[in-house]
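Chain by chain, the residues:
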Amino acid sequence: MRRPAVACAREAGLLHFVALMNVLAEETKQLVRLQAVELERARLTTALKALPGEIAQAETLLKAAQKRVSDAESGLKREELARASLELEVATHRSKAARFRAQMDAARNAAQASALEHEIHFAETEITRLEDNELTSMENSEVLDAERAGALELAAKLTETLSLIRARVGEQDLEFREGLGLLKAEREALRGEIPAERLAHFDRIAGMRGTGLARAKDQQCSGCRMGIRPQVWNQLRDGAVLHCESCSRILYFDPTMEPEAPAKTAKSVGIAAGELGGSSVKRRATGV
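Residues numbered from 1 in each chain as written. Predicted model: local features only at pLDDT ≥ 70, side-chain atom pairs only at ≥ 80, totals over all residues. Heavy atoms only, no water.

Caption draft 1: View of the overall build of the protein chain. Check the secondary structure of the protein chain and you find five helices and four strands. Across the protein chain, helices and strands are ordered from the amino to the carboxyl terminus as α-α-α-β-β-α-β-β-α. In the protein chain, buried positions account for 31% of the 288 residues. Within the protein chain, contacts between residues separated by at least 24 positions form 74% of all contacts whose residues are at least 6 apart in sequence. On the protein chain, roughly 18000 Å² of surface is accessible, and the fraction owed to carbon and sulfur atoms is 57%. (Helix = DSSP H or I, 4+ residues; strand = E, 2+ residues; numbered from the N terminus. Buried < 20%, exposed > 50% of the residue type's maximum accessible area, 1.4 Å probe, protein only. Contact = heavy atoms within 4.5 Å. Areas by Shrake-Rupley, 256 points an atom, 1.4 Å probe, with all protein chains shown as cover.)

Laid out in structure tokens, this is it:
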């Protein structure tokens, strides 16, 4: 017994719809993977560009510690020279004071004796002042010596850290470049499998917004968080791949990420095939 023509047409439409949905589902998987590849490439590229900065930062810290060492050593030398000069001045004033004391016995009058006493007092006052300055210089040297010791210890640690960073950065540089090479090959393969018109739209939106694809979730675009009209939402749930009316990202619905979504019955799939068969073919042809 021959089957009615209407039943045959309905079955053919259903098979065509299922085949079309399978094509769109595979295309969606390719777009999802392409976007993941693009995002990972961007992450690795950014990380690769940041690697020299890590070395530069460590070198800056080391140079600062080395400058502290140099400044402390320069300060110590200045204090040593200052104390040597103070010691010479003290010796000069001691010599003057001794000479003036020797001259006291030969003073002819009270005026000469008073003048000599004044010179002796001045010399002793200067000796006291200079010795105080020497003590201050010695205290400064102690502080500078401690500063130098601390800076030397820090410089040693930073030198070791810089060596470790350079080694790690070298390894990461190779790792990142290898990863980028693999991603480039996968990217080229994926782009060769996606229809040119769909790919052009993806590239254009991704260039403007960072991503060209977004999952439809809770009747919202996960890219811009704007609501999706019920009719569009139903079409997405039926397997169509559409554009967000707000941000223009390519929208798709992933039932595996929506466990609460009710399963479609054979009857509902048949109805969807009848309603969307023609429009789906048109969208496929236009790349929308």
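Caption draft 2: Fine view of the nonpolar core. Leu 31, Leu 34, Phe 202, Leu 213 and Ile 250 are the most contacted members of the largest nonpolar core, which has 26 residues in total. Within the residue set of this core, elements represented by two or more residues are helix H1 (5-104), helix H2 (110-193), helix H3 (196-209) and strand E4 (250-252). Broken down by element, the residue count for this core peaks at 10 residues, all from H1. With residues near it in sequence (within four places) discarded, Ile 250 still touches Leu 31, Arg 198, His 201, Phe 202, Gly 212, Leu 213, Ala 214, Val 241, Leu 242 and His 243. Ala 216, Ala 240, Leu 251 and Phe 253 belong to the second largest nonpolar core, which has 13 residues in total. (Core = buried A, V, L, I, M, F, W, Y, C linked by side-chain atoms within 4.5 Å.)

Caption draft 3: Expanded view of unusual backbone geometry. Its identity as a non-glycine residue notwithstanding, Gln 219 has a phi of 60 degrees, on the positive side. On the secondary structure map, Gln 219 appears in the loop between strand E1 (213-217) and strand E2 (220-221). The partly exposed category is assigned to Gln 219, whose relative accessible area is 29%. With a phi close to 65 degrees, Arg 225 is a non-glycine residue in the positive phi region. Tracing the chain through its elements places Arg 225 in the loop between E2 and helix H4 (230-237).

Caption draft 4: Seen up close, the packing of aromatic side chains. Throughout the structure, instances matching the rule amount to one aromatic pair. Taking 5.5 Å as the distance between ring centres and 90 degrees as the angle between the ring planes, the aromatic pair formed by Trp 233 and Phe 253 counts as edge-to-face. Here Trp 233, found in helix H4, pairs with Phe 253, found in the loop between E4 and helix H5 (266-286); they are 20 residues apart in sequence, far enough to count as distant. As far as the burial class goes, Trp 233 and Phe 253 line up, both buried. Seen from the ring of Phe 100, Arg 99 lies directly overhead, with NZ or CZ sitting 5.3 Å from the centre. (Phe/Tyr/Trp six-rings, centres within 6.5 Å; stacked < 30°, edge-to-face > 60°. Lys NZ or Arg CZ within 6 Å of the ring centre and 35° of its normal.)

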